[in-house]
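Inside the fold
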Amino acid sequence: MPGPGSYWIGDEERREVMDVMESGYLSRYGDLNDPRFKHKVYTLEKEFAAYTGTGDALITSSGTSALMISLLAMGIEPGDEVIVPAYTFVATYTAAIFAGVTPVLAEIDESLNLDPADIEKRITPKTKAIVPVHMLGNPSDMDAIMDIAGRHGLMVLEDACQACGGSYKGRKLGSIGRMGAFSLNVYKTITAGDGGAVVTSDRDLYERAFAIHDQGHTPNRAGLEVGNRVILGLNFRVTELLGAVALAQLRKIDRITDTLREKKRKLKAAIEGIPGIKFRKLNDPEGECGTLCTVLFDSAEKASRVAAKLGTKTVDHSGWHVYVNMEHIDRYLAERGLPHGLGAYPRTDDILSRAINLSVGVVDAGLGSAFGIDIDATDERIAEIAATFKKACESS
Ligand SMILES: Cc1ncc(COP(=O)(O)O)c(C=O)c1O
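Residues numbered from 1 in each chain as written. Predicted model: local features only at pLDDT ≥ 70, side-chain atom pairs only at ≥ 80, totals over all residues. Heavy atoms only, no water.

This part is about helix α11 (residues 300-310). The periodicity of an α-helix, 3.6 residues per turn, causes residues three or four positions apart to be oriented the same way. All of the buried residues along α11 are Ala303, Val306, Ala307 and Leu310. Angular distribution of buried residues about the axis of α11 spans 100°; they occupy a single face of the element. In this structure, α11 carries Glu301 and Ala308 as exposed residues pointing more than 90 degrees from its buried face. Of the surrounding elements, those touching the buried residues of α11 are β11 (292-297), α13 (346-353), β12 (355-359) and α14 (379-394). Gly311 occupies a position one or two residues after α11 and carries a positive phi of about 75°. (Buried < 20%, exposed > 50% of the residue type's maximum accessible area, 1.4 Å probe, protein only. Helix = DSSP H or I, 4+ residues; strand = E, 2+ residues; numbered from the N terminus. Arc of directions from axis to C-beta. Contact = heavy atoms within 4.5 Å.)

Of all five residues making up strand β5 (residues 155-159), five are buried, and the element is well covered by its neighbours. Along β5, one buried face is formed by Met155, Leu157 and Asp159 and the opposite face, lined by Val156 and Glu158, is buried too. A crossover links strand β4 (residues 127-130) with its parallel partner β5, the connecting element being helix α7 (residues 142-152), and its sense is right-handed. Pairing analysis gives three bridges linking β5 to strand β8 (residues 179-183), with the strands arranged parallel. Each residue of the ladder has a partner; that of Glu158, found in β8, is Gly180. (Right-handed = clockwise from strand over helix to strand, strands pointing away. Pairing = 2+ DSSP bridges.)

Attention now goes to the nonpolar core. The biggest cluster of nonpolar side chains holds 49 residues, and the ones touching the most others in it are Phe48, Leu267, Val295, Phe297, Leu358 and Phe389. It is α14 that provides the largest number of residues to this core, a total of six residues. Apart from residues lying up to four places away in sequence, Phe389 is in contact with Ile271, Ile274, Ile277, Val295, Phe297, Val306, Leu310, Leu358 and Phe371. Ranked by size, the runner-up nonpolar core spans 39 residues in total, among them Val82, Val90, Ala209 and Met326. (Core = buried A, V, L, I, M, F, W, Y, C linked by side-chain atoms within 4.5 Å.)

Let us look at the packing of aromatic side chains. Evaluated as defined, the whole model comprises six aromatic pairs. Relative to Phe182, the ring of Phe48 has its centre 5.1 Å away and its plane inclined at 70°; by these criteria the two rings are edge-to-face. Note that Phe48 is positioned in helix α3 (residues 40-52) and Phe182 in strand β8, a separation of 134 residues in sequence. Each member of the pair, Phe48 as well as Phe182, carries the same accessibility label: buried. Centroid distance Phe297 to Phe389: 6.4 Å. Interplanar angle 65°. Geometry classified as edge-to-face. With Phe297 in strand β11 and Phe389 in helix α14, this residue pair connects regions lying 92 residues apart in the sequence. The pair Phe297 / Phe389 is uniform in exposure class, with both members buried. Looking at Lys172, its charged tip hangs above the ring of Tyr51, at a distance of 4.8 Å from the centre. Positioned over the ring face of Phe279 is Lys268, at 4.7 Å from the centre of the ring. (Phe/Tyr/Trp six-rings, centres within 6.5 Å; stacked < 30°, edge-to-face > 60°. Lys NZ or Arg CZ within 6 Å of the ring centre and 35° of its normal.)

Given below as structure tokens:
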């Protein structure tokens, strides 16, 4: 199974789903005067906002739609540019592209997140926002990014799709920029199979986001609408069934991240000190989600040999997530005369060629984490995986 949330689907999710099935209300909209209507999506939105410490949350069909809705809500228009890291899932780019916005890629640093030192070099008069991605559950350097955004009058949209449950200096990821986007797909800390969330503390942005996700309607379709709808929207709504599963999962999020952090601590302790390796930089070691343990080798050659012995790949060869491995993005960039192809982001290429992702809670060959442990790993299993990793390093 891919992500920690899916390992822990149990009685709580079943009960919430049965509640919905017995109510007969499958849409998020129902008769509030009917006690059978359980308004799971509405409750989830309230609990998601409270959990992230934001004013409002909106549950959407996916992380991709959450990102696109956020960009549109922030008023970013065709021709504008947003700065995104060269290491992220394809959706960070496509959400911008389908909103008519040009994604401008920037280098990562050894945290595997946007390198603040590279962001300023990419700013042009067309830049409207920075989209830091908290890759593999590790918070981006938000102090530096918020500082750059403030000095250049840019908005910040946090792509927290891989980081639900994480925090940075005591604030939940997704709550630091103007808006934050989350994914609930099966690879994430909590899951409903699919789904996403937008959070913001700006009421106007929330109302715009709600309207974009539901045909221009006011939040919860409450109040006078006919004659008052000013924004065109689409349909990115979710059903009560998704709301039910996600609600049960959200109520487990702290237990999930606490468990992941504990397992990761043990795995790290068992492999620490191997010559020629170090761990990636964590911008908030307490707040990162603990879903993966990224190891950086001194050389790409050694990293490749170790990966082959473990039956996995270095991150640069892991497929998705690396700018150079996404042929459709490569073509998009090439057609517009934007930097593309191997060598376009040399620092990113170098770091990813020396990196191996060991799974802790997310087992995903597409992230290069085909080797490692999962959320239910015993101490014996952790010791066994650490020993295999050490042996591979020593013999490579
Ligand atoms: C960084 C990042 N952004 C966006 C997304 C898109 O989320 P979804 O698959 O829910 O559309 C993902 C999903 O893998 C992701 O990892």
